[in-house]
Amino acid sequence: MAGVLVIGELNDDALQSITGELLAAGRRIADVTGENVGVALLNGGDAVGQETISLGADNAYLVQDEVLAEMQLDAQVAALEKVCSEVQPSVVLIGRTLAGRDVGPRLAFRLGVGLAQDCLQVEADANSGRVVAVRPVYGGNALAKVTFPDANPQMVVMRAKAYEPLDADDSRAGEVSIINPGLDSSVVKARLVETVSQAAEGVRLEDANIVVGGGRGLGGPEPFDQLEDLARLLGGAVGASRAVCDAGWLDHSYQVGLTGKTITPDLYITVGISGASQHMAGCSASKNIIAINRDADANIFKSASFGVVGDWKNVLPSFIETVRELVN
Ligand code: FAD
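Residues numbered from 1 in each chain as written. Predicted model: local features only at pLDDT ≥ 70, side-chain atom pairs only at ≥ 80, totals over all residues. Heavy atoms only, no water.

Novice: Describe the sheet that holds strand E7 (residues 115-119), with residues and values.
Specialist: If you walk across this open sheet you meet the 7 strands as E7-E11-E6-E1-E4-E5-E12, and the pairing is parallel. The strands lining the two open edges of the sheet, one partner per strand, are E7 and strand E12 (175-179). Mean inter-strand twist for the sheet, computed between neighbouring axes without regard to direction, equals 20°. (Pairing = 2+ DSSP bridges. Helix = DSSP H or I, 4+ residues; strand = E, 2+ residues; numbered from the N terminus. Axes fitted to C-alpha atoms, helices over the stretch in contact; angles between N-to-C directions.)

As structure tokens, this is what we get:
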């Protein structure tokens, strides 16, 4: 019996950082409730199972079934439903990743329970042992505490970087076991026709410690070359507002916000972004925001630790040159 079940994520057999973060969150809950922490690893092998144990899992469930080969969503949800019925967790933790956003609501529906989306924090109440999750509401302007009165599992979708992974400890003991969910291929309703890999350089937007974001105030796609320069110098990634992506200046994979990606960098530099609530919903957990905007009343300045009121054309080139001198 696992008290907490983490839905692990792998990419080319490598454990994704979100899994370590969820295991750390799971351990905090389990240390209060006295239960175990398990992790489900779809198509996972023994090595990755051992890795999760070193990061805090008591049980690593390697979920193996040939129907999972193409990792179709239908198959993943069906497999996880089987794992939940076998393991009977009281809490399920899922990452707010592209995969997690798809899997979470579907799995909750199958299990007949509710789901707290986009959570920043999750704890167990010391008296009741029930989970209390904290999530932003009203575009990040308020925080709501979510509890699950009776039904299990209590399902929580966590933002990336909400918790630091524990230091890997190879001496930790745990059990690696295989679950074969015995899926029928008819569960897969969608067929994978083609996989297109997108060429991407540098750090992923969601993982970046420094993000340089551009908005409509840049006036077109060309100035994003300067943002790319700055991001490269700082070892960061470029992001954008929805106005930019809707205009086709950048692909939607760059979009930060309510309907885009959630970022949690140490530093977010925004250029020509007004700071609409829907944008802030995706970046309000940034530790520091530096804003460049020519409108002193722009909403972004309410969240910025440092701000420059001015035309980016006068500010950005010298800023980039100064950074270049400092890093070289
Ligand atoms: P604008 O609001 O047009 O701001 C441009 C800014 O640039 C202004 O503040 C201006 O003063 C400044 N500027 C102009 N010229 C210069 C210059 N030369 N130098 C310096 N500054 C200059 N938006 C998102 O970003 N992400 C989302 O996920 C998202 N989801 C949404 C979901 C819904 C349901 C809805 C209704 C909206 C959503 N939006 C989202 C859109 C959001 O409301 C804003 O329209 C959008 O964020 C505005 O983008 P912007 O700041 O780039 O543009």
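Novice: How would you sum up the site of the ligand? Please name residues and give values.
Specialist: For the ligand, the set of nearby residues contains 24 residues, the closest of which are Arg216, Ser241, Thr259, Ser274 and Asn293. Here an oxygen atom of the ligand sits 2.7 Å away from a polar atom, N or O, in the main chain of arginine 216. Asparagine 293 has a polar side-chain atom sitting 2.8 Å from an oxygen atom of the ligand. Across the complex, the protein chains shield 76% of the 980 Å² of accessible surface that the ligand would expose by itself. Elements represented by at least two residues in the shell around the ligand include exactly helix H6 (242-246) and helix H7 (277-280). Across the shell around the ligand, the residue classes tally to 6 nonpolar, 13 polar and 5 charged. (Near = heavy atom within 4 Å. Polar contact = N/O pair within 3.5 Å; in protein donor to acceptor, adjacent residues only side chain to side chain. Areas by Shrake-Rupley, 256 points an atom, 1.4 Å probe, with all protein chains shown as cover. Nonpolar A, V, L, I, M, F, W, Y, C, P; charged D, E, K, R; others polar.)

Novice: Outline the layout of surface pockets, supporting the account with residue identities and numerical values.
Specialist: By volume, the second largest pocket is sized at about 270 Å³. Residue lining of the second largest pocket: 18 residues in total, with Ser241, Arg242, Ala243, Ala276 and His279 positioned closest to the centre. Of all elements in the fold, only H6 and H7 reach the threshold of two or more residues within the lining of the second largest pocket. (1 Å grid on protein atoms, 1.4 Å probe; cavity = no way out; pocket = protein on both sides within 12 Å on 5 of 7 lines; lining within 4 Å. Points joined across faces, edges and corners; volume = space filled by probe spheres on them.)

Novice: Can you tell me about the sheet that holds strand E16 (residues 288-293), naming the residues and giving the values?
Specialist: Taken together, the 5 strands give an open sheet; going across it, the order is E14-E13-E15-E16-E17, and neighbouring strands pair in parallel fashion. Every other strand in the sheet has two partners, leaving strand E14 (237-240) and strand E17 (306-309) as the edge strands with one partner each. Ignoring which end each strand starts from, the neighbouring axes of this sheet average 15° apart. For E16 and E17, the ladder comprises 4 bridges, and the chain directions are parallel. Residue pairing across strands places isoleucine 292 opposite valine 308, the latter belonging to E17.

Novice: Account for the nonpolar core, naming residues and giving values.
Specialist: Counting residues in hydrophobic clusters, the biggest one holds 31 residues, and the most contacted among them are Ile29, Leu93, Val122 and Val156. It is helix H1 (residues 17-33) that provides the largest number of residues to this core, a total of 7 residues. Apart from the residues lying within four places of it in its own chain, the contact partners of leucine 93 are Val4, Leu5, Val6, Ile7, Leu22, Ala25, Gly26, Ile29, Val122 and Val156. Counting residues in hydrophobic clusters, the runner-up holds 26 residues, among them Val63, Val67, Val103 and Val157. (Core = buried A, V, L, I, M, F, W, Y, C linked by side-chain atoms within 4.5 Å. Buried < 20%, exposed > 50% of the residue type's maximum accessible area, 1.4 Å probe, protein only. Contact = heavy atoms within 4.5 Å.)

Novice: Pulling in residues and values, what's your account of helix H9 (residues 312-327)?
Specialist: The terminal C-alpha atoms of H9 lie 22 Å apart, and with 16 residues this matches the ideal 22 Å at 1.5 Å per residue to within 8%. Regarding H9, the residues found buried are Trp312, Val315, Leu316, Ile320 and Val323. Looking down the long axis of H9, one finds its buried residues gathered within 120° of arc, a one-sided arrangement. Within H9, the exposed residues directed more than 90 degrees away from the buried face are Asn314 and Glu325. Against the buried residues of H9 lie helix H5 (224-234), strand E15 (267-271), E16 and E17. In this structure aspartate 311 caps H9, since a side-chain oxygen of it lies 2.9 Å from the backbone nitrogen of lysine 313. (Expected span 1.5 Å × (residues − 1). Arc of directions from axis to C-beta.)

Novice: Hey, could you go over the environment of alanine 116 for me, with residue numbers and the actual values?
Specialist: Topologically, alanine 116 is positioned in strand E7. Owing to a relative accessible area of 3%, alanine 116 belongs among the buried residues under this scheme. With residues up to four places along the chain from it excluded, the contact list for alanine 116 reads Ala133, Val146, Phe148, Met155, Val156 and Val157.

Novice: Tell me about the environment of isoleucine 53, residues and numbers included.
Specialist: Position of isoleucine 53 among the secondary structure elements: in helix H2 (residues 46-54). The sequence separation of isoleucine 53 and histidine 252 amounts to 199 residues, and the corresponding C-alpha distance is 36 Å. Not counting the four nearest positions on each side in its chain, isoleucine 53 is found in contact with Ala60, Arg172, Ala173, Gly174, Glu175 and Val176.

Novice: I'd like to hear about unusual backbone geometry, residue by residue, with values.
Specialist: Most peptide bonds adopt trans geometry, and most residues besides glycine take a negative phi value. Between asparagine 152 and the following residue, proline 153, the backbone shows a cis peptide bond with an omega angle of 0°. Mapped onto the elements of the fold, proline 153 is located in the loop between strand E10 (142-147) and strand E11 (154-158). Of note in this structure, aspartate 13 is not a glycine but carries a positive phi near 70°. Within the secondary structure layout, aspartate 13 lies in the loop between strand E2 (10-11) and strand E3 (14-15).

Novice: Mind laying out the packing of H5 against H9, listing which residues take part and the relevant values?
Specialist: Where H5 meets H9, the axes come as close as 10 Å, and the angle between the chain directions of the two elements is 25°. Judged by the angle between their axes, H5 and H9 are roughly parallel. In the crossing of H5 with H9, the sense of the turn from one axis to the other is left-handed. In contact with Gln226, Leu227, Asp229, Leu230, Leu233 and Leu234 of H5, H9 contributes Trp312, Leu316, Pro317, Phe319, Ile320, Val323, Arg324 and Val327. When the residues that make up the contact of H5 with H9 are grouped by side-chain class, the tally is 11 nonpolar, 1 polar and 2 charged. (Parallel < 35°, antiparallel > 145°, perpendicular 65-115°, else oblique. Left-handed = near helix turned anticlockwise from the far one by under 90°.)

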